[in-house]
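Structural description and commentary
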Amino acid sequence: IIDPGKCTGCGACIERCPFNALTLVDNVAQVDEVVCTLCGACAKQGVCPYEAITLIREKKKGAAPALDAHRNVWVFAEQKQGVVQGVAFELLGKARELAEVRHQEVWAVLLGKNIAHKAQELIARGADKVIVVEDDSLEYFEDETYSNVITRLCEKYKPEIVLTGATTIGRALIPRVAVQLRTGLTADCTGLHIDPEKQLLVQTRPAFGGNIMARILCPNHRPQMSTVRHKVFPEAQPDSQRIGEIIHEKFDSSDRSHLARVADVVEILEDTVNLTDANIIVSGGRGVKGPQNFAILHELAKAVGGAVGASRAAVDEGWIPYAHQVGQTGKTVNPKVYIACGISGQIQHLVGMQSSDIIVAINKDTEAPIMQVATLALCGDLFEIIPELIKQLK
């Protein structure tokens, strides 16, 4: 509410509106209700020197959502060609921790064709119950079909928390589910825990280019939903003695996508170790000075049985494909040894590799951020050090 009797048209509120929803008309501030998000920035104390702006939040009429009816922590068990992906085992480990705090169960959701035999593998990794949906339409991932199935299951069983990997599949799938369920979603989380007082899921993720860590709550809607990057959490260890329940749900023909169908699936075959699964990673940055010089990194990686990674700077220059990028906008990795060659180590890169057991940095600049976090910092020319390393290894 803007009081025209108090407003002098000074424009102080216009400068504070982050959405450009305020304008001056006849020397009085006016609100564009289509643009305004009710963030309250203009109504904060001290913004308007004449206290002409008031924000009143009215509660919607009608019954509040029955939040107490939602229970249990769910994990979407991503699979490709019948193989459950490692990120699902990582999420099951974290789900077990969250469920124990909430005194609830861990459920896994497994979709595919002839996939039921994999349910026991999920139980061994910590699932108390596994919902299995099998159909020819689920053989290959299709975002609309998969999201329709999961939405229907969530509406039936009412989970409190739903976790998904921040993979190509997870990122295409779970936003659709969140919209269909009219709930919130926090993407690319690096930390999850239960607030001891509010008993809500605290979802931690990097924000503003990794310069701050945001802690996000979803207090008014269920389920609370998060995507988590591969290699952020350790995998749950298998226990063949665990006993769980397998729930077989039928595929509903109404779940099938009418907008698209998968015509073909093409697997990219690599002659090197998969980056996210590698125990040793050799990464290059701007200090590598060109695409041709990545050859010595490939040679070093081959000598140690590792994979080749890169910083965003090297990828942006076109020296190496995006699939090799490590960092906030690339892959999160957790190898035993990470060798950073000519990488300065900005926060965006560190977010993707700082959990490595051993970090070896090769850089001319002793003040580079990567040198401060390295287990072993080698100050020198990478074009002298790496060939010597290769020679010694051979």
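For clarity, every value in this text was computed on a predicted model and none was experimentally measured.

1. Observations concerning the overall build of the chain
Check the secondary structure of the chain and you find ten helices and 19 strands. Over its C-alpha atoms, taken along the principal directions, the chain stretches across nearly 80 × 55 × 45 Å. When the 394 residues of the chain are sorted by exposure, 47% land in the buried category. Summarising the internal contacts of the chain: among those between residues at least 6 apart in sequence, 61% fall at separations of at least 24.

2. Comments concerning the sheet that holds strand β12 (residues 212–216)
Reading across from one edge, β10-β11-β12 is the order of the three strands in this open sheet, with antiparallel pairing throughout. The open sheet is flanked by β10 (191–194) and β12, the only strands paired with a single partner. Across this sheet, the average inter-strand angle for adjacent strands is 25°, counted without regard to direction. Each of β10 and β11 (201–207) touches helix α2 (residues 86–102); the most contacted strand, β10, lies at about 15° to it.

3. Some points on the pattern of salt bridges
With the rule as written, the count across this model stands at 19 salt bridges. Taking the shortest distance from any N to any O, the salt bridge between D316 and R312 comes out at 3.3 Å. Linking D316 with R312, this pair stays in helix α7 (residues 312–316), spanning four residues, or about one helical turn. With relative accessibility at 55%, the residue D316 sits in the exposed group. One network of salt bridges, with partners in common, ties together R96, E100, D128 and R242.

4. What to know about the side chain of H324
Within the secondary structure layout, H324 lies in the loop between α7 and β17 (337–341). Here H324 falls in the buried class, since its relative accessible area comes to 16%. A polar contact is formed between the side chain of H324 and the backbone oxygen of V308, at a distance of 2.8 Å. Ignoring anything within four residues of it in the chain, the contact list for H324 reads L275, V308, G309 and A310.

5. What about the pairing of β17?
Consecutive side chains of a regular strand alternate in pointing toward one face of the sheet and then the other. With four of five residues buried, β17 is to be regarded as a mostly interior element. As judged from the five bridges shared by strand β15 (residues 280–284) and β17, these two strands associate in the parallel manner. Bridging across to β17, S283 finds its partner in A340. Note that β17 and strand β18 (residues 358–363) share five bridges and pair parallel. Within the sheet, the bridge partner assigned to C341 lies in β18 and is I362. Taken together, β17, helix α8 (residues 347–353) and β18 constitute a β-α-β crossover, and its handedness is right-handed.

6. Side note on a nonpolar patch on the surface
A cluster of nonpolar residues, F19, V34 and V35, forms a patch on the protein surface that exposes about 290 Å² of accessible area. Residue placement: V34 occurs in the loop between β2 (28–31) and β3 (73–76). Overall, V34 belongs to the exposed group, its relative accessible area being 78%.

7. Section: the packing of aromatic side chains
Tallying each qualifying case throughout the model produces five aromatic pairs. Both rings, one in W74 and one in W107, keep their centres 5.8 Å apart while their planes meet at 10°; by these two values the pair is stacked. Remark: W107 occurs in strand β6 (residues 106–112) and W74 occurs in strand β3; sequence separation between them is 33 residues. Each member of the pair, W74 together with W107, is buried. Aromatic side chains F76 and Y146 sit 6.4 Å apart centroid to centroid with 80° between the ring planes, which places their arrangement in the edge-to-face category. Of this pair, F76 sits in strand β3 while Y146 sits in helix α4 (residues 143–157), and the two are 70 residues apart along the sequence. The exposure class of F76 is buried, given its relative accessible area of 5%. Site record: aromatic cluster; members linked through ring pairs are W74, W107 and Y157. Its end group placed over the ring of F233, K94 keeps NZ or CZ at 4.8 Å from the ring centre.

Thresholds, definitions, all that
- Residues numbered from 1 in each chain as written.
- Predicted model: local features only at pLDDT ≥ 70, side-chain atom pairs only at ≥ 80, totals over all residues.
- Heavy atoms only, no water.
- Helix = DSSP H or I, 4+ residues; strand = E, 2+ residues; numbered from the N terminus.
- Buried < 20%, exposed > 50% of the residue type's maximum accessible area, 1.4 Å probe, protein only.
- Contact = heavy atoms within 4.5 Å.
- Pairing = 2+ DSSP bridges.
- Axes fitted to C-alpha atoms, helices over the stretch in contact; angles between N-to-C directions.
- Salt bridge = Lys/Arg side-chain N within 4 Å of Asp/Glu carboxyl O.
- Polar contact = N/O pair within 3.5 Å; in protein donor to acceptor, adjacent residues only side chain to side chain.
- Right-handed = clockwise from strand over helix to strand, strands pointing away.
- Patch = residues over 30% accessible without salt bridge, like charges linked within 9 Å, V, L, I, M, F, W, Y side chains within 5 Å.
- Areas by Shrake-Rupley, 256 points an atom, 1.4 Å probe, with all protein chains shown as cover.
- Phe/Tyr/Trp six-rings, centres within 6.5 Å; stacked < 30°, edge-to-face > 60°.
- Lys NZ or Arg CZ within 6 Å of the ring centre and 35° of its normal.

Any functional reading would require information beyond the geometric quantities listed.
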